[in-house]
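Report on the structure
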Amino acid sequence: MNDVIVVGGGPVGLLLACELKLAGADPLVLEAATGEERRTRSLGLRSLNARTVQSLALRGLKEPVERAQWEMLDELADRRGPAGADLVALMVELLRKGQIRGHFAGLPLLDEGGEAEYLMLRQDRLEGVLAERAAAMGVRIRQGCAVADVAQDTAGVTATLAGGEVVRGAYLVGCDGGRSLVRKRSGIAFEGTPATMTGRTAVAELADPGMVTSSLRSPGGLVNLSLVPGEIATIEFDGGPDDRDAPMTAAELQASLRRVTGLEVVVERLETGIRYSDNTRHARSYREGRMLLAGDAAHVHSPIGGQGLNLGLQDAVNLGWKLGLVVRGAAPGSLLDSYTAERHPVAARVLRNTRAQVALMRPGAQVDALREVLSEVLELGEARRHFTGMADGTEVDYAPGSAHPLVGRFAPPLERAGAPGEVALREGHGPLGEGRGLLIGTGDVGAAVAGYADRVGSVRLPADAGLGGASAVLVRPDGYVAWAGDAGAAGDALTTWFGPPTTA
């Protein structure tokens, strides 16, 4: 029997599989499409926000993803004309300075201090990095394996493939998108609001490329020319697409461009295209028995603001170590209850702010006025920090109201004792890089983690390390602080998050 079956081999499924492997589980990834099919559907650029970049750094993945970004941008500059190359060069400059923090309904969120961590690349490039890491770790990935049905019993979960093959696992996680088969079979409700807009992104050739320029908002909607040569996107606030699955035609894209721009645009050729909407829905729970959900299977919303991929990757980082410990028998199944408890409120906030962003993109004098007011608000430092916190995921707090300011928050960078400048967190090696927890203290904390060597490491810091008045903090494998207090009282927190200690 497989430890965990992961249905869906996109970025969320691949990262989850890596996290499970790191935690000591043996996952099997089942992906319906082949690699080439996924590449042809990978349109547009995806942004990785500060929290996702920090999470990738914990696992030593930031550098390879960053390399993939620079390689892609170099290729784009080579493929574009002089004006396009200048645009790519500007993006490179902003990325290198660390000033990009995304946007809110098209209103830029820039960090003049240059402290932001933000990456941008095509989804297939990200998948390539994650697939390479998964393969190096020994993760089994089967492409071209469509799952036709799933069912669970008291002993495990069964996945039936389209060809009739039956696969068994102790647990199963649906990373299979917004129309998730796993979610439907689990019976988890998926409630929300219907589509009010239609987005189209395509690779196409225009008779007169100079006729169309990017326009954030117009009476007919908006149009955007991607940094990727030939990619063009439109959004119309028309109630949503009639048929998302029908192949897009050149005539359809041409009609959309004409409605949005008011110009007689001619599309001579369309290579490929996709449709999307602001259909916004949220799974009532992320777990039903031995079946769990992550990514778009658990939540869908408008792509405006680019938060969906980050939300799913953070689901994977939150769930992977917990499910790994449970499968190994190191922690009780009740640990999985914290997955929905922590991630559901985070997604609910994202769904709220993406709905707000769609409203702010609509045409009309009233919305124009609202955008002007919001632009003024964003000039205020505290307001800008609030909006950037939403955009880059750094506002997340898994323990709101905690008595200690660090508990529930992502751990700050801390220096090791006796090694100035050597960062104990976000470095891609050490206990966190290995997928273990970390007990950090200003005294000798090694004795406190006796019996947890396979799950928790320890590090001693100077007395002035900035632990908010605590002598020790317990950092989970996902980088979040689980507990803070006196090192001698860490036992209950260790048991809660990592199960009972092993005995000699």
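Residues numbered from 1 in each chain as written. Predicted model: local features only at pLDDT ≥ 70, side-chain atom pairs only at ≥ 80, totals over all residues. Heavy atoms only, no water.

1. Quick look at a nonpolar patch on the surface
Judged by side-chain polarity, Val 373, Val 377 and Leu 380 come together as a nonpolar surface patch covering roughly 240 Å² of accessible area. Examined against the element boundaries, Val 377 turns out to sit in helix H11 (residues 365–377). (Patch = residues over 30% accessible without salt bridge, like charges linked within 9 Å, V, L, I, M, F, W, Y side chains within 5 Å. Areas by Shrake-Rupley, 256 points an atom, 1.4 Å probe, with all protein chains shown as cover. Salt bridge = Lys/Arg side-chain N within 4 Å of Asp/Glu carboxyl O. Helix = DSSP H or I, 4+ residues; strand = E, 2+ residues; numbered from the N terminus.)

2. Details of the nonpolar core
If you look at the biggest cluster of nonpolar residues, it comprises 120 residues, and the most contacted ones within it are Leu 48, Tyr 171, Val 173, Leu 323, Leu 439, Leu 474 and Phe 498. Considering every element that reaches this core, the biggest residue donor is helix H9 (residues 308–328), with 11 residues. (Core = buried A, V, L, I, M, F, W, Y, C linked by side-chain atoms within 4.5 Å. Buried < 20%, exposed > 50% of the residue type's maximum accessible area, 1.4 Å probe, protein only.)

3. Focus: the sheet that holds strand S22 (residues 456–460)
Taking strand neighbours across the sheet as the criterion, the four strands line up as S22-S21-S23-S24 in an open arrangement whose pairing is mixed. One side of each edge strand has no neighbouring strand; the edge strands of this open sheet are S22 and strand S24 (481–485). Within the sheet, the average angular offset between the axes of one strand and its neighbour, ignoring direction, is 15 degrees. As paired elements, strand S21 (residues 437–441) and S22 share five bridges and run parallel to each other. In the sheet register, Leu 439 faces S22, and the bridge partner there is Ser 458. Its contacts with the sheet place helix H14 (residues 491–498) against S21, S22, strand S23 (472–475) and S24, and it is angled at close to 5 degrees to S23. (Pairing = 2+ DSSP bridges. Axes fitted to C-alpha atoms, helices over the stretch in contact; angles between N-to-C directions. Contact = heavy atoms within 4.5 Å.)

4. Notes on the environment of Ala 204
Inspection of the secondary structure assignment puts Ala 204 in strand S12 (residues 198–206). For Ala 204, a relative accessible area of 14% gives the class buried. When near neighbours in sequence (up to four residues on either side) are disregarded, Ala 204 contacts Gly 230, Leu 253, Val 267, Arg 269 and Leu 270.

5. Section: the pairing of S12
With eight of nine residues buried, S12 is to be regarded as a mostly interior element. Looking at chain direction, S12 and strand S15 (residues 231–236) are connected through six bridges and run antiparallel. Bridge pairing links Gly 199 to Ile 235 in S15.

6. Some remarks on the side chain of Ser 180
Locating Ser 180 in the fold gives a position in the loop between strand S10 (166–174) and helix H7 (181–186). At a separation of 2.9 Å, a polar atom in the side chain of Ser 180 contacts the main-chain amide nitrogen of Arg 183. If we skip the residues at most four places from it in the chain, Ser 180 touches Leu 293 and Ala 297. (Polar contact = N/O pair within 3.5 Å; in protein donor to acceptor, adjacent residues only side chain to side chain.)

7. Quick notes on helix H6 (residues 123–137)
Here H6 is 15 residues long and its end C-alpha atoms lie 21 Å apart, about the 21 Å a rise of 1.5 Å per residue gives. For H6, the set of buried residues is Gln 123, Asp 124, Leu 126, Glu 127, Val 129, Leu 130 and Ala 134. Positive phi shows up at Gly 138, right after H6, with a value of about 90 degrees. (Expected span 1.5 Å × (residues − 1).)

8. Thoughts on the packing of aromatic side chains
One pass over the full model with this rule turns up six aromatic pairs. Considering the side-chain rings of Phe 104 and Phe 387, the 4.9 Å spacing of their centres and the 80 degrees angle between planes classify their relative orientation as edge-to-face. Of this pair, Phe 104 sits in strand S4 (residues 100–104) while Phe 387 sits in helix H12 (residues 381–392), and the two are 283 residues apart along the sequence. Note on accessibility: Phe 104 and Phe 387 belong to one class, buried. For the pair Tyr 398 and Tyr 480, a centre-to-centre distance of 4.5 Å together with 40 degrees between the ring planes defines the contact as tilted. Of the two residues, Tyr 398 is situated in the loop between H12 and helix H13 (430–433) and Tyr 480 in the loop between S23 and S24; the sequence distance between them amounts to 82 residues. The same class applies to Tyr 398 as to Tyr 480, namely buried. Members of the aromatic cluster, joined through ring pairs, are Trp 321, Trp 497 and Phe 498. (Phe/Tyr/Trp six-rings, centres within 6.5 Å; stacked < 30°, edge-to-face > 60°.)

9. A short note on the confidence of the model for the protein
It should be kept in mind that the predicted coordinates are not to be read in detail where pLDDT is low. Across the protein, the average pLDDT comes to 90, with 93% of residues at 70 or higher. Confidence drops under a pLDDT of 50 for residues 417–423, and excluding neighbours within four residues, the segment shows 11 contacts in the predicted structure. (pLDDT = per-residue confidence, 0-100.)

10. Observations concerning the environment of Arg 281
Looking at where Arg 281 falls in the secondary structure, it is placed in strand S17 (residues 280–283). Each C-alpha atom of the pair Arg 281 and Thr 52 lies 22 Å from the other, and the pair is 229 residues apart in sequence. Once residues within four sequence positions are removed from consideration, Arg 281 is found in contact with Phe 190, Glu 191, Gly 192, Thr 193, Pro 194, Ala 298, His 299, Val 300 and Leu 351.

11. Concerning unusual backbone geometry
Phi is positive for Ala 105, close to 55 degrees, though the residue is something other than glycine. Looking at where Ala 105 falls in the secondary structure, it is placed in the loop between S4 and strand S5 (107–110). Residue class for Ala 105 comes out buried when judged on its relative accessible area of 0%.

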